[in-house]
Amino acid sequence: MAEEKVPGSQKCIAILWPSFLVAIVATGLFFSAFDPDDLYPFGNETGISRLGVYSIGFLAFWFVSAVSGVGTLYFAMTNCMRSRR
Amino acid sequence: MATSGGVRNSDDQVEKSLYAKAEKIYPREVHGLFARMRVLGVLSLLGIYYIMPWIQWDGHQALLFDLPARKFHIFFITLWPQDFIYLAALLIIAGLLLFFVTALAGRVWCGYACPQTVWTEAFLWIERKVEGTRLQQQKLDAQPMNARKLRIKATKQFLWVTFAAWTGFTFVGYFTPILELGSRLLEFRLGGWETFWVIFYGFATYGNAGYMREQVCKYMCPYARFQSAMFDKDTLVVSYIPNRGEPRGPRKRSADPKELQLGDCIDCTLCVQVCPTGIDIREGLQYECIACSACIDACDDVMGKMGYDKGLIKYTTEHEMKGGKTRLIRPRIVIYAAVLLAIMALFAWSVMTRTPLGLDVIRDRNQLYRETNEGLIENVYILKILNMDNVAHTYTLKVSGIEGLRLHMDMPEIRVASGGVLELPVRLQVEEGDLDMRSTEISFELVADGNSALTVVEEARFLGPK
């Protein structure tokens, strides 16, 4: 019930916004420790500019934490429904 | 799912109101002391934001988080990724400062300085210039589309998008030198990722300040959720004085409220109309209130016109409302201030005494050790020397930890330019008999010639057969 009432836009924000903040922190920490020019993913040089690697890193962190957000929301909502039934 | 019982119903209502489709709020323009203060705040903050990246200092951009070059310029200080701790400390200081100010003066950050408020004000200003007053805006939005409406809306959109794009460009200019960025923009040679971030940040500005507005504060802002934890009974809040205002009701200006048995509130609802978050301050302290004090200005104006005392809505504290006196000095304030001062002092001290020289020792990964033709045990390292000083230096390298340890390097001298990084391969050799263990701790010591204050010591391990 609760699930139906929450509009999709609210859910999107609930997932994308906190993961965005987490991605900023993660990107900052990760690239303070690792210089993109020293990274050889799967043994290859990336051939991408530093700004590009930062950006891809940020988007990847954002995606990963958003996926976790989707999971949290899903379990929270299905649990909520179960407890109400 | 069936609903039953009163609790369930009230739950559902809460949900409904929480997730109700947001109706557009048309905040009425307001004039007064606090509005002037906010305009001052908005103008100076926007001014700083848009002008700052263009300021040069000592041959570089004064404030530049140069991501492509991995160094941060903050006026006379240059920070490197190794100095991440300083940035973290700055963030902690900013956070503590926010706590301190919140405990003292409530949500002044929200009302005057938050980027969300600042850009929303700017976008509202554009909207008012193009679409007119609150009433004119409401009328326009209620109309079906026609040529005039289209023209007005298109003008507003054009100004909003231009302003947002400029904001995005400026944002990227904090991370990559803005002069270069500007010249490349003029030649339409902006890099792919630069373009992406200009559009990304521009779009975020446009969406947040043009459309999301108070919903960001209500639904998305983490500070709005926990700021009340910093509040106590002596924190400044914007509040309506119900004892004075109630019972509210309309009356003629000439009428004597006592005769009509009315309070000072004439129920003109101006305080609601000016509220950017669309709440009624007369219902008490609400978490949606960003303490912008637009309602104070509006109400003071009305009180003046009615010939009543100002301050029916005012900055006050819970203690004062209950007839007590506000205590400025209280444990919470003292503790926040003490912690803040301590961390700021620590930060200043560590920045001042920071050694602008970095040394990383990386072991050759291919081989643990090797035996030379002369029968010596050799380990290979790559030293990364980072000169974070403003002038070039020549350094002397020493190594210690094992008796008879010999240092070989291929360069005649170690000279690193200001801001430069030198990768220096070195070989260490030792007689096998001098090794007691398979792994021995050794240390590299790098000293700048003529300046022994510039010294770093870095530990490493020497591996051998034993």
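Residues numbered from 1 in each chain as written. Chains lettered and ligands numbered in written order. Predicted model: local features only at pLDDT ≥ 70, side-chain atom pairs only at ≥ 80, totals over all residues. Heavy atoms only, no water.

Digging into the overall build of chain A
Phase 1 of the analysis: Scanning chain A from N- to C-terminus turns up 3 helices and 0 strands.
Phase 2 of the analysis: Tracing chain A from N to C terminus, the helices and strands come up as α-α-α.
Phase 3 of the analysis: Relative to its 85 residues, chain A shows a buried fraction of 32%.
Phase 4 of the analysis: Considering only intrachain contacts with a sequence separation of at least 6, the fraction spanning at least 24 residues in chain A is 70%.
Phase 5 of the analysis: Total accessible area on chain A stands at roughly 5300 Å², and carbon and sulfur atoms take up 70% of it. (Helix = DSSP H or I, 4+ residues; strand = E, 2+ residues; numbered from the N terminus. Buried < 20%, exposed > 50% of the residue type's maximum accessible area, 1.4 Å probe, protein only. Contact = heavy atoms within 4.5 Å. Areas by Shrake-Rupley, 256 points an atom, 1.4 Å probe, with all protein chains shown as cover.)

Observations regarding the overall build of chain B
Phase 1 of the analysis: When its secondary structure is counted, chain B shows 17 helices and 16 strands.
Phase 2 of the analysis: In terms of overall dimensions, chain B is more spread out than a globule: its C-alpha atoms have a radius of gyration of 32 Å, far above the 23 Å expected for 466 residues.
Phase 3 of the analysis: Principal-axis analysis of the C-alpha atoms places the extent of chain B at approximately 110 × 60 × 60 Å.
Phase 4 of the analysis: Burial statistics for chain B: of 466 residues in total, 43% are counted as buried.
Phase 5 of the analysis: Counting every atom, chain B has about 25300 Å² of accessible surface; 62% of that belongs to carbon and sulfur.
Phase 6 of the analysis: Distance between charge centroids for chain B: 12 Å, based on 52 positive and 51 negative side chains. (Rg over C-alpha atoms; globule rule 2.2 N^0.38 Å. Lys, Arg positive; Asp, Glu negative; His and termini not counted. Charge placed at Lys NZ, Arg CZ, Asp CG, Glu CD.)

Points about the packing of helix α5 (residues 115-131) of chain B against helix α9 (residues 192-212) of chain B
Residues and elements named next belong to chain B.
Phase 1 of the analysis: Direction vectors running N to C along α5 and α9 enclose 75 degrees, while the axes themselves pass 8 Å from each other. Comparing their axes, α9 and α5 come out roughly perpendicular. Contacts between α5 and α9 involve Gln116, Trp119, Thr120 and Phe123 from the first element and Thr205, Tyr206, Asn208, Ala209 and Gly210 from the second. (Axes fitted to C-alpha atoms, helices over the stretch in contact; angles between N-to-C directions. Parallel < 35°, antiparallel > 145°, perpendicular 65-115°, else oblique.)

Examining the state of the cysteines
Phase 1 of the analysis: If you walk through the whole model with that rule in mind, you get 0 disulfides over all chains.
Phase 2 of the analysis: Distance from the sulfur of B:Cys114, which forms no disulfide, to the nearest cysteine sulfur (B:Cys221) is 6.2 Å. (Disulfide = S-S within 2.5 Å.)

Quick notes on the sheet that holds strand β11 (residues 393-400) of chain B
Residue and element names in this part refer to chain B.
Phase 1 of the analysis: Here 4 strands make up an open sheet; going across it, the order is β13-β11-β15-β16 and the pairing antiparallel. Every interior strand has two partners, whereas the edge strands, β13 (414-416) and β16 (451-463), have only one. Pairwise comparison of adjacent strand axes, ignoring direction, gives a mean angle of 30 degrees for this sheet.
Phase 2 of the analysis: Across 3 bridges, the pairing between β11 and β13 is antiparallel. When the sheet's bridge partners are listed, His393 is paired in β13 with Val416. (Pairing = 2+ DSSP bridges.)

Considerations on the side chain of B:Arg213
Phase 1 of the analysis: For B:Arg213, the location among the structural elements is in the loop between α9 and α10 (214-220).
Phase 2 of the analysis: A polar side-chain atom of B:Arg213 sits 3.2 Å from a polar atom in the side chain of B:Glu127. (Polar contact = N/O pair within 3.5 Å; in protein donor to acceptor, adjacent residues only side chain to side chain.)

Focus on the environment of B:Phe65
Phase 1 of the analysis: By secondary structure assignment, the location of B:Phe65 is in strand β3 (residues 63-66).
Phase 2 of the analysis: Along the sequence, B:Phe65 and B:Met37 sit 28 residues apart, while their C-alpha atoms lie 31 Å from each other.

Here's the deal with the sheet that holds β3(B)
All names here are of chain B.
Phase 1 of the analysis: Strand order in the open sheet formed by 3 strands is β3-β4-β5, and the pairing between neighbours is antiparallel. For this open sheet the edge positions go to β3 and β5 (77-79), each flanked by a neighbour on one side alone. Neighbour to neighbour, the strand axes of the sheet diverge by 15 degrees on average, direction disregarded.
Phase 2 of the analysis: Where β3 lies against strand β4 (residues 71-74), 4 bridges are found, and the strand directions are antiparallel. In the strand pairing of β4, Asp66 is matched with Lys71.

What to know about the pairing of β16(B)
Residue and element names in this part refer to chain B.
Phase 1 of the analysis: Bridge analysis of strand β15 (residues 439-448) against β16 gives 10 bridges, and the strand direction is antiparallel. Note on β16: the bridge partner recorded for Glu441 is Arg461.
Phase 2 of the analysis: Turn length for the β15-β16 hairpin, with the two strands adjacent in sequence and antiparallel, is 2 residues, and the turn residue Gly450 shows positive phi of about 80 degrees.

Considering unusual backbone geometry
All names here are of chain B.
Phase 1 of the analysis: Between Glu246 and Pro247 the backbone carries a cis peptide bond, its omega angle lying at -10 degrees.
Phase 2 of the analysis: Mapped onto the elements of the fold, Pro247 is located in the loop between α12 (242-245) and α13 (257-260).
Phase 3 of the analysis: At Gln261, a position not held by glycine, the phi torsion is positive, near 55 degrees.
Phase 4 of the analysis: Locating Gln261 in the fold gives a position in the loop between α13 and α14 (270-274).
Phase 5 of the analysis: Judged by relative accessible area, Gln261 falls into the exposed class, the value being 66%.
Phase 6 of the analysis: Its identity is not glycine, yet Ala291 carries a phi of approximately 55 degrees, on the positive side.
Phase 7 of the analysis: With respect to the helices and strands, Ala291 occurs in the loop between α14 and α15 (294-306).
Phase 8 of the analysis: Owing to a relative accessible area of 9%, Ala291 belongs among the buried residues under this scheme.

As for the domain arrangement of chain B
Residue and element names in this part refer to chain B.
Phase 1 of the analysis: By the assigned domains, chain B splits into domain 1 (22-354) and domain 2 (357-463).
Phase 2 of the analysis: Computed from C-alpha coordinates alone, the two centres of domain 1 and domain 2 are separated by 53 Å.
Phase 3 of the analysis: Counting residues at the interface gives 5 residues for domain 1, matched by 5 residues for domain 2.
Phase 4 of the analysis: Counting across the interface, domain 1 meets domain 2 through 0 salt bridges.
Phase 5 of the analysis: Seen at the junction of domain 1 and domain 2, the total is 0 residue pairs in polar contact (both at pLDDT 80 or more). (Domains from an automatic or database assignment. Salt bridge = Lys/Arg side-chain N within 4 Å of Asp/Glu carboxyl O.)

As for the nonpolar core
All names here are of chain B.
Phase 1 of the analysis: The biggest cluster of nonpolar side chains holds 64 residues, and the ones touching the most others in it are Leu46, Trp119, Phe123, Val238, Ile281, Cys295 and Ile313.
Phase 2 of the analysis: If one sorts the elements of this core by residue count, α15 sits on top with 8 residues.
Phase 3 of the analysis: Once residues lying within four places of it in the same chain are set aside, the contact partners of Ile313 are Val238, Ser239, Tyr240, Cys271, Ile281, Cys295, Ile296, Cys299 and Asp300.
Phase 4 of the analysis: Core analysis: the second largest hydrophobic core is formed by 27 residues, Leu397, Ile402, Leu424 and Leu446 among them. (Core = buried A, V, L, I, M, F, W, Y, C linked by side-chain atoms within 4.5 Å.)

Looking at a nonpolar patch on the surface
All names here are of chain A.
Phase 1 of the analysis: A contiguous nonpolar patch, built from Phe63, Val64 and Val67 and spanning about 310 Å² of accessible area, is present on the exposed surface.
Phase 2 of the analysis: Tracing the backbone through its elements, the reader meets Phe63 in helix α3 (residues 50-84).
Phase 3 of the analysis: In this structure Phe63 comes out as exposed when scored by relative accessible area, which is 59%. (Patch = residues over 30% accessible without salt bridge, like charges linked within 9 Å, V, L, I, M, F, W, Y side chains within 5 Å.)

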